[in-house]
Every structure is written in C-alpha cells, then in structure tokens.
Amino acid sequence: MTQQVIEELCCETSSGGLRIDALAFELIANLAHSHVEIAPLRQPIARAKGLLDDRRLKRVLEYVEENLENDISVSDLAEAACFSLFHFARAFHLATGRPPHAYLSERRLDHAKHLLAHTNVPLVDISLSCRFSGQANFTKAFTKVVGVSPGRYRRTYH
C-alpha cells in the first residue's frame, strides 16, 4: 500500500486525490482491524455487501458525470450515496467491480477521448480539465490505457 501512495505522488493520475483518499482509508481500516481486541461478529466485507443498491449507485455515477472536471473526493462520493466513508469504497467496489478511483480515472479518460475526437481543444487544456497535473502525465496515462498518444488518437478522428 505504501508503494501505491508513492507511485501516485510521483506519477499523478487523474484520480489522484480520490486514490490517495481511498488508500488512506484502507490503511486506517487495516490498522484498526489489526489492533482490535474483540473479533467482529461478521467480516466487514459482509456488512458492505449489497448495500450500494441501484438507486444509490445511480446517484454516485451521476455525481461523477456532473463533476468530471472538478476535484472529487471519497467523501463527496460517500455523501452522494448517503454512506459512511469507511463503507463506501468497499460497497462501490462490490457494486461495480472496481474501486472508486479506478472508475473515476476511466470516466475522465473517456471524457478526454470525446474531447480529442470532437473538439479542437488543445491537449494541455484537456489534460487540465481531466484533472491531470500536466500534459506529460496525461499523455503517459492516456497512452498506457488507450495504446496510442492523445495526439495520434486525435489525428484518427480529424
């Protein structure tokens, strides 16, 4: 987990703050779990299972779509779902098959693909609107996920 924090700090992704939040909450949960003196009656995962129903999940996904170009924290998403911070990330992962930061990163890169294909917005502006710290980090993440650079991706549509 420490390595994941270091990687995020060195090569910031579009989900940077959200990923750091999630890692921090995971660390806190692991510390609490390893220092508890009384064994829980049920495993924490069992309590989160199924709690993120379709209505709550829809609210969270709509919040993400409406705020793709803004900072989004785990706290914001948990609030949209009416969940505590500690149960939200686990419940979201169970409901979608991926953690909140991975989903947010995917949606921001999809948004970037749309902007590249349908607008003439400069790459640096797209990278900043998708919450990357700069064009270099954007290009690296985009190329890793899509397989081609943002400039080459744009050229296939223009």
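Structural notes, computed from the coordinates. Model, not experiment: these values are computed from the prediction. (Residues numbered from 1 in each chain as written. Predicted model: local features only at pLDDT ≥ 70, side-chain atom pairs only at ≥ 80, totals over all residues. Heavy atoms only, no water.)

1. A closer look at the overall build of the protein chain
Applied cut-off: A run of H or I in DSSP counts as a helix once it spans at least four residues, and a run of E counts as a strand once it spans at least two, with each numbered from the N terminus. Type-normalised accessible area, obtained with a 1.4 Å probe on protein chains alone, sets the label of each residue: buried when under 20%, exposed when over 50%, and partly exposed for intermediate values. Throughout, a residue-residue contact means that at least one pair of heavy atoms, one from each residue, lies within 4.5 Å. Residue-level accessible areas treat just the shown protein chains as cover; the underlying method is Shrake-Rupley with a 1.4 Å probe.
Each helix and strand counted, the protein chain has ten helices and zero strands in total. Seen in sequence order, the protein chain has helices and strands lined up from the N terminus as α-α-α-α-α-α-α-α-α-α. A buried classification covers 33% of the 158 residues belonging to the protein chain. Pairs at least 24 residues apart make up 61% of the contacts formed inside the protein chain by residues separated by at least 6 positions. Entry remark: accessible area of the protein chain is about 9400 Å², with carbon and sulfur atoms responsible for 56%.

2. Looking at unusual backbone geometry
Unusually for a residue other than glycine, Cys-82 sits at a positive phi of about 60°. Tracing the backbone through its elements, the reader meets Cys-82 in the loop between α5 (74–81) and α6 (85–96). Within the chain, Arg-131 stands out as a residue other than glycine whose phi angle is a positive 70°. Within the secondary structure layout, Arg-131 lies in the loop between α8 (123–129) and α9 (135–146).

3. A word on helix α10 (residues 150–157)
To keep things clear, this is the line we draw: Think of it as the arc spanned by the lines of direction from the helix axis to the C-beta atoms.
Three or more residues of α10 are buried, namely Pro-150, Gly-151, Tyr-153 and Arg-154. Seen end-on, α10 carries its buried residues on one side only, within an arc spanning 160°. Exposed residues on α10 whose side chains face more than 90 degrees from its buried face are Arg-155 and Thr-156.

4. Thoughts on the nonpolar core
So the rule is basically this: The term nonpolar core refers to a set of buried residues drawn from Ala, Val, Leu, Ile, Met, Phe, Trp, Tyr and Cys, joined through side-chain atoms within 4.5 Å.
Within the largest apolar cluster, 17 residues are counted, with the highest numbers of intra-cluster contacts made by Leu-52, Val-60, Phe-88 and Phe-92. Counting only elements with at least two residues in this core, the list comes to α4 (54–66), α5, α6 and α7 (100–118). Per element, the largest residue contribution to this core is five residues, and it comes from α5. In contact with Phe-88, other than residues within four places in its own chain, are Val-60, Val-74, Leu-77, Ala-78, Ala-81, Phe-83 and Pro-100.

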